[in-house]
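Residues per chain are reported as follows:
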Amino acid sequence: GIDFDTDADAASKSAFPGGLFVKSVSEGSASAKAGLIPGVLVTRINGSEIKSLDDVGLALENANAGDLLKLDLVKLIPNESFILAQRSSMQVVAD
């Protein structure tokens, strides 16, 4: 399982609009095995834009255990004068 940071200002404080930060990933979960780590921003699940926990629920409402989910991610890397946004995608098996 994934626990998201539900602080409404978390994404805006990062200077990156939208998405939810991953707060923690359950040890041994499919997400952990796929390499998902705390601190990344989930911006889409199966193509659906993620801005709130309600969006996560809507994106997952038709998913069954064992289904492949595509997560679009952004890892924010602070630099001296800017923040680099590294985009990636991963597939995770729904548990």
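The coordinates are above.
Residues numbered from 1 in each chain as written. Predicted model: local features only at pLDDT ≥ 70, side-chain atom pairs only at ≥ 80, totals over all residues. Heavy atoms only, no water.

(A) Highlighting the pairing of strand S5 (residues 68–78). Both strand S3 (residues 41–45) and S5 contribute to a ladder of four bridges, which runs antiparallel. Across the sheet, Ile45 pairs through a bridge with Leu71, a residue of S5. Both S5 and strand S6 (residues 83–93) contribute to a ladder of 11 bridges, which runs antiparallel. Within S6, the position partnered with Pro78 by the bridge is Ile83. In this antiparallel pair of consecutive strands, S5 and S6, the connection spans four residues. (Pairing = 2+ DSSP bridges. Helix = DSSP H or I, 4+ residues; strand = E, 2+ residues; numbered from the N terminus.)

(B) Broad picture of the pattern of salt bridges. Under the definition given, this model contains two salt bridges. Taking the shortest distance from any N to any O, the salt bridge between Glu49 and Lys51 comes out at 3.9 Å. For Lys51, a relative accessible area of 52% gives the class exposed. Between Lys70 and Asp72 there is a salt bridge, and its shortest N-O distance comes to 3.7 Å. By relative accessible area, which is 17% here, Asp72 ends up buried. (Salt bridge = Lys/Arg side-chain N within 4 Å of Asp/Glu carboxyl O. Buried < 20%, exposed > 50% of the residue type's maximum accessible area, 1.4 Å probe, protein only.)

(C) Molecular detail of the nonpolar core. Counting 16 residues, the largest nonpolar core has Val22, Leu36, Ile45, Leu71 and Leu73 as the members making the most contacts within it. Elements with a contribution of two residues or more to this core: strand S2 (20–25), S3, helix H3 (53–60), S5 and S6. Among the elements that line this core, the one with the most residues is S2, at three residues. Contacts of Ile45, omitting those with residues within four sequence positions, involve Ile50, Val56, Ala59, Leu60, Lys70 and Leu71. (Core = buried A, V, L, I, M, F, W, Y, C linked by side-chain atoms within 4.5 Å. Contact = heavy atoms within 4.5 Å.)

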